[in-house]
Amino acid sequence: MSASPFTVGSDILDIGSRKGSTLVPNKRNRVLGRGNDDEELMFPSPTSSIPTSFPLPAVHNPAQYCSSNFASVCGSGDESQQVKFAKGTTTLAFKFDHGIIVSVDSRSTMGSYIASGTVQKVIEINPFLLGTMAGGAADCSFWERNLGMQCRLYELRQGRRITVSAASKLLANTMSSYRGYGLSMGTMIAGWDETGPQLFYVDDDGTRLHGKLFAVGSGSTFAYGVLDTHYRPDLTVEEAIDLGKRAIYHAGHRDAMSGAINNLYHVTKEGWTKIHAIDVNDMHYQFQEERQNEMAA
């Protein structure tokens, strides 16, 4: 079948984007195209025998509707599409002499609406590897669990545990292949391998950064303020835990879309350990009392 100059991918994410590569004629499902009024685009119907076909929006021009309402064409930009992510969170991780601290909040929001206060934003990929969630909860949860599958397959094939660098590269490659599809994801991959503690940042456009300290989410600027002030590589384990806890508290105190429970993990040579799950409100009264005592002294 010859290709048409007007191409629409069979994947719903490609509709109205440059990624469309095939056109499936179907006389029962014919709509006007983007060109002249006399030109027609043909789309697969829900009963099409093509396994990758999807039902289309019941509107006059599905391609134009999707391109103007979803981010498939816009990529990471904002072209005033009507359907946007309304997200907010605070996640952080940092390396120090005794391993890695991973500290997150647990609040899930849709703009000003708090959808949940008990979201697990640390994905336990394997006993030595952790991932964090920031952005779209479904995107982060699905793709980090997919990463866990890839890491397990690597272990079975190679007979050894995957390195943190390789795991983060697998996730970055996956994100690169879906760039422009409207994913929303900013994650940290933290773990311990034969090279020691390693920390990487990976986001939805395939960016992959290696570093010693990251904070991601709407409350990250407040968390960075605390981390930049008090972080030292030679922190003791107790000091590092307290720093991770305080950074999340201050982010939750100033950012309305962060808060609820602080989940904190410590990654060592023996693997990760969950240290605590503390209500941010309890920390508020604890730190308030400390400040009052300091001022009185």
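Not measured: the values here are computed from a predicted model. (Residues numbered from 1 in each chain as written. Predicted model: local features only at pLDDT ≥ 70, side-chain atom pairs only at ≥ 80, totals over all residues. Heavy atoms only, no water.)

Q: Provide a residue-level description of the overall build of the chain, including the pertinent values.
A: Secondary structure assignment for the chain yields six helices and 14 strands. In the chain, which comprises 297 residues, the share counted as buried stands at 45%. For the chain, contacts bridging at least 24 residues in sequence account for 57% of all contacts bridging at least 6. Total accessible area on the chain is roughly 15300 Å²; 52% of this is exposed by carbon and sulfur atoms. (Helix = DSSP H or I, 4+ residues; strand = E, 2+ residues; numbered from the N terminus. Buried < 20%, exposed > 50% of the residue type's maximum accessible area, 1.4 Å probe, protein only. Contact = heavy atoms within 4.5 Å. Areas by Shrake-Rupley, 256 points an atom, 1.4 Å probe, with all protein chains shown as cover.)

Q: Please give an account of the pairing of strand β6 (residues 113–116) that cites residues and values.
A: One ladder, built from three bridges, connects strand β5 (residues 108–110) with β6; its direction is antiparallel. Paired with Met110 across the strands is Tyr113, a residue of β6. In this structure, the hairpin formed by β5 and β6 is closed by a connection of two residues, where Gly111 is found at a positive phi of approximately 70°. (Pairing = 2+ DSSP bridges.)

Q: Any details on the sheet that holds strand β7 (residues 122–126)? Residues and values, ideally.
A: Pairing within the open sheet is antiparallel, and its five strands lie in the order β7-β8-β9-β10-β11. Taken across any chain shown, the strands that pair with only one partner, and hence form the sheet edges, are β7 and β11 (208–210). On average, each strand axis in the sheet is tilted by 20° relative to the strand beside it, whichever way the strands run. In the sheet, strand β10 (residues 196–203) pairs with β11 via three bridges, with the strands oriented antiparallel. Across the sheet, Val202 pairs through a bridge with Arg208, a residue of β11. (Axes fitted to C-alpha atoms, helices over the stretch in contact; angles between N-to-C directions.)

Q: With reference to specific residues and values, describe unusual backbone geometry.
A: Here the phi dihedral of Ala260 falls at roughly 75°; this positive angle occurs in a residue that is not glycine. Within the secondary structure, Ala260 sits in the loop between α5 (237–254) and β13 (261–268). Given the relative accessible area of 17%, Ala260 is considered buried.

Q: Would you mind going over the packing of aromatic side chains in detail, with residue names and values included?
A: As enumerated under the stated definition, the model contains seven aromatic pairs in all. Judged by centre distance (5.0 Å) and plane angle (50°), the ring pair of Trp143 and Tyr178 falls under tilted. Of this pair, Trp143 sits in helix α2 (residues 137–158) while Tyr178 sits in the loop between α3 (164–177) and β9 (186–193), and the two are 35 residues apart along the sequence. You can call Tyr178 partly exposed: its relative accessible area is 32%. Measuring from ring centre to ring centre gives 6.0 Å for Tyr201 and Phe214, while their planes differ by 35°; the resulting arrangement is tilted. Here Tyr201, found in strand β10, pairs with Phe214, found in strand β12 (residues 213–216); they are 13 residues apart in sequence, far enough to count as distant. Each member of the pair, Tyr201 together with Phe214, is buried. (Phe/Tyr/Trp six-rings, centres within 6.5 Å; stacked < 30°, edge-to-face > 60°.)

Q: So what about the nonpolar core? Which residues, and what values?
A: One finds Ile125, Leu129, Leu147, Cys151, Leu171, Met175 and Ile189 to be the most contacted residues of the largest nonpolar core, which totals 19 residues. With five residues, the top contributor of residues to this core is α3. With sequence-adjacent residues up to four places away left out, Ile189 is seen in contact with Ile125, Leu129, Leu130, Gly131, Leu147, Val164, Ser168, Leu171, Gln198, Leu199 and Phe200. (Core = buried A, V, L, I, M, F, W, Y, C linked by side-chain atoms within 4.5 Å.)

Q: How would you sum up the environment of Tyr201? Please name residues and give values.
A: Among the residues examined, Tyr201 registers a relative accessible area of 16% and is labelled buried. For the pair Tyr201 and Ala172, spaced 29 residues apart in sequence, the C-alpha separation works out to 9.2 Å. Filtering out sequence-adjacent residues up to four positions away, Tyr201 remains in contact with Gly186, Thr187, Met188, Thr207, Arg208, Leu209, Phe214 and Val216. Within the structure, the side chain of Tyr201 is placed 3.2 Å from the side chain of Asp203, a separation counted as a polar contact. (Polar contact = N/O pair within 3.5 Å; in protein donor to acceptor, adjacent residues only side chain to side chain.)

Q: Before we move on, could you go through the pairing of strand β8 (residues 129–132) and cite the residues and values that matter?
A: The side chains of a regular strand alternate, first on one face of the sheet and then on the other. Side chains Leu129 and Gly131 of β8 all project onto a buried face; the interleaved residues Leu130 and Thr132 project onto the opposite face, where all are buried too. Sheet topology places β7 next to β8; four bridges connect them, and they run antiparallel. Note on β8: the bridge partner recorded for Asn126 is Leu129. Hairpin connection from β7 to β8: two residues lie between these consecutive antiparallel strands. Judged from the three bridges that link them, β8 and β9 form a sheet pairing that is antiparallel. In the sheet register, Leu130 faces β9, and the bridge partner there is Ala190.

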